[in-house]
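Each chain, written out:
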Amino acid sequence: MSTERETLFAGPTIGDRGITLKSPREIESMRRAGWVVAKALDSMMKAIRPGMTTADLDDIASAEIRAQGAKPSFLGYLGFPRTVCVSVNEEIVHGIPGKRVLRDGDMVSIDCGAVVDGFHGDSAVTVGVGDISSECQELMDVTREALDRGIAAATHGARVGDIGWAVQSFVEGRGYSIVREYVGHGIGRALHEDPQVPNFGTPGSGTLLRKGMVIAIEPMVNVGGWRTKVLADNWTVVTADGSMSAHFEKTLLITEGDAEVLTRL
Ligand code: MG
Ligand code: MG
């Protein structure tokens, strides 16, 4: 079983907070939070280069979020010490920014959250540093497309299992594995609300999606097996077999048509 600490930013719900439907006014706050997150991620993606430390990325995010008058979602959350999670190569999620120097060819997953008017936005991207291998590029491309397919399945009247199936069937069909122990989630006044949104599942099963729900879909895709382990820092989740892993995430509003991605510029 995963522990509460292990399942912070992408994991089984910590307690039952229920499913909330957002009002138009709340959705407006969530659009602003999403924009701030997208802006911070964009700034980090533009700045990333060999020789930077993971803490340098964190500093950029911190400055950007505060410049927009928002607050970081992750800082202090169950004791997490920094603004963003930075997970390199075989690290999947929840890496702590620090002195690690990024090298040419590294693949870096950055997960960022921000709060505006009490509402959270949550998004992650994986980017290459300098010249990356074709293996890494393909892994990132598959993971990004898996997220897009999950978003396409997320509409009023569909079920959470439809999202999971859309992601899983695509990823496994391409020969990769999807992480099981960490999942997407509802989001709003709490960073993690119900329902859980697994990246695997059975079509037609699970919670019914309704317009006004806001969820974060976040596939974590491994080149090797799906199993994970947590490093001695009690935060960093890595692939059990040491294979490379990528992570993309967006926060989106369920509507009667295409979902509205909130974490965008
Ligand atoms: Mg999340
Ligand atoms: Mg996240």
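Going by the structure above, here's the rest.
Values in this document were obtained by computation on a predicted structure and should not be read as measured data. (Residues numbered from 1 in each chain as written. Chains lettered and ligands numbered in written order. Predicted model: local features only at pLDDT ≥ 70, side-chain atom pairs only at ≥ 80, totals over all residues. Heavy atoms only, no water.)

## Remarks on the overall build of the protein
- In terms of helices and strands, the protein carries 4 helices and 15 strands.
- A compact globule built from 265 residues should have a C-alpha radius of gyration of about 18 Å, and the protein, at 17 Å, falls within 12% of that.
- Counting only C-alpha atoms, the protein reaches 45 × 45 × 30 Å along its principal axes.
- For the protein, restricting intrachain contacts to residue pairs at least 6 apart in sequence, the fraction spanning at least 24 positions comes to 72%.
- For the protein, the computed accessible surface area is about 10,400 Å², with 49% contributed by carbon and sulfur atoms.
- Taken as two groups, the 27 positive and 35 negative side-chain charges of the protein have centres that lie 4 Å from each other. (Helix = DSSP H or I, 4+ residues; strand = E, 2+ residues; numbered from the N terminus. Rg over C-alpha atoms; globule rule 2.2 N^0.38 Å. Contact = heavy atoms within 4.5 Å. Areas by Shrake-Rupley, 256 points an atom, 1.4 Å probe, with all protein chains shown as cover. Lys, Arg positive; Asp, Glu negative; His and termini not counted. Charge placed at Lys NZ, Arg CZ, Asp CG, Glu CD.)

## Focus: the coordination of the magnesium ion (ligand 2)
- Every protein donor of the magnesium ion (ligand 2) is accounted for by Asp-111 (OD), Asp-111 (OD), Asp-122 (OD) and Glu-249 (OE), and the metal-donor separations fall at 2.0 to 2.6 Å.
- Written as a sequence motif, the donor residues of the magnesium ion (ligand 2) are D-x10-D-x126-E.
- The metal-metal distance between the magnesium ion (ligand 2) and the magnesium ion (ligand 1) comes to 3.2 Å, with Asp-122 coordinating both. Here Asp-111 is found in strand 4 (residues 107–116), whereas its partner Glu-249 is found in the loop between strand 13 (245–247) and strand 14 (250–253), with 138 residues between them in sequence. The burial state of Asp-111 is the same as that of Glu-249; both residues are buried. (Donors = N, O, S within 2.8 Å, 3.2 Å for Na, K, Ca; no water. Buried < 20%, exposed > 50% of the residue type's maximum accessible area, 1.4 Å probe, protein only.)

## Description of helix 3 (residues 134–153)
- Its 20 residues place the ends of helix 3 28 Å apart at the C-alpha level, agreeing with the 28 Å of an ideal helix rising 1.5 Å per residue.
- All buried positions along helix 3 are accounted for by Cys-136, Leu-139, Met-140, Val-142, Thr-143, Ala-146, Leu-147, Gly-150, Ile-151 and Ala-153. (Expected span 1.5 Å × (residues − 1).)

## Examining the packing of aromatic side chains
- Tallying each qualifying case throughout the model produces 1 aromatic pair.
- Geometry around Trp-226 places Arg-180 over its ring, the cationic atom sitting 5.2 Å from the centre. (Phe/Tyr/Trp six-rings, centres within 6.5 Å; stacked < 30°, edge-to-face > 60°. Lys NZ or Arg CZ within 6 Å of the ring centre and 35° of its normal.)

## A closer look at the sheet that holds strand 7 (residues 184–186)
- One open sheet accounts for 5 strands, arranged 8-7-9-14-15; its pairing is antiparallel. The sheet is open, and its two borders are formed by strand 8 (193–197) and strand 15 (260–261), each paired with just one other strand.
- Strand direction decides the pairing type here: strand 7 and strand 9 (residues 214–217), joined by 2 bridges, are antiparallel. Following the sheet pairing, Gly-186 is matched in strand 9 by Ile-215.
- Against the sheet, helix 4 (residues 160–173) makes contact with strand 8 and strand 9, and its axis sits at roughly 40 degrees relative to strand 8, the strand it touches most. (Pairing = 2+ DSSP bridges. Axes fitted to C-alpha atoms, helices over the stretch in contact; angles between N-to-C directions.)

## A short note on the coordination of the magnesium ion (ligand 1)
- Asp-122 (OD), His-185 (NE2), Glu-218 (OE) and Glu-249 (OE) make up the full set of protein donors to the magnesium ion (ligand 1), lying at 2.1 to 2.3 Å.
- Here the donor residues of the magnesium ion (ligand 1) share one chain and are spaced in sequence as D-x62-H-x32-E-x30-E.
- What makes His-185 buried here is its relative accessible area of 1%.

## Overview of the pattern of salt bridges
- This structure, assessed with the given rule, holds 14 salt bridges.
- Between Asp-42 and Lys-46 there is a salt bridge, with the nearest N and O atoms lying 2.8 Å from each other. Of this pair, Asp-42 and Lys-46 both sit in helix 1 (residues 24–47), 4 residues apart, roughly one helical turn.
- Relative accessible area serves as the criterion here: at 22%, Asp-42 is assigned to the partly exposed category.
- One salt bridge connects Arg-100 with Glu-91, and the closest N-O pair in it is separated by 3.2 Å. (Salt bridge = Lys/Arg side-chain N within 4 Å of Asp/Glu carboxyl O.)

## Focus: helix 1
- Between its first and last C-alpha atoms helix 1 spans 35 Å; for 24 residues at 1.5 Å apiece the expected length is 34 Å, and the two agree.
- The complete set of buried residues in helix 1 reads Ile-27, Ser-29, Met-30, Ala-33, Gly-34, Val-36, Val-37, Ala-38, Ala-40, Leu-41, Ser-43 and Met-44.
- On the buried face of helix 1, the contacting elements are helix 2 (54–67), strand 2 (84–88), strand 4, strand 5 (119–128), strand 9 and strand 14.

## Details of the environment of Val-93
- The residue Val-93 is located in strand 3 (residues 91–93) in this model.
- Taking the C-alpha atoms as reference points, Val-93 and Ala-240, separated by 147 residues in sequence, lie 13 Å from one another.
- Leave out the neighbours within four places in its chain, and Val-93 touches Ser-87, Met-220, Trp-235, Thr-236, Val-237 and His-247.

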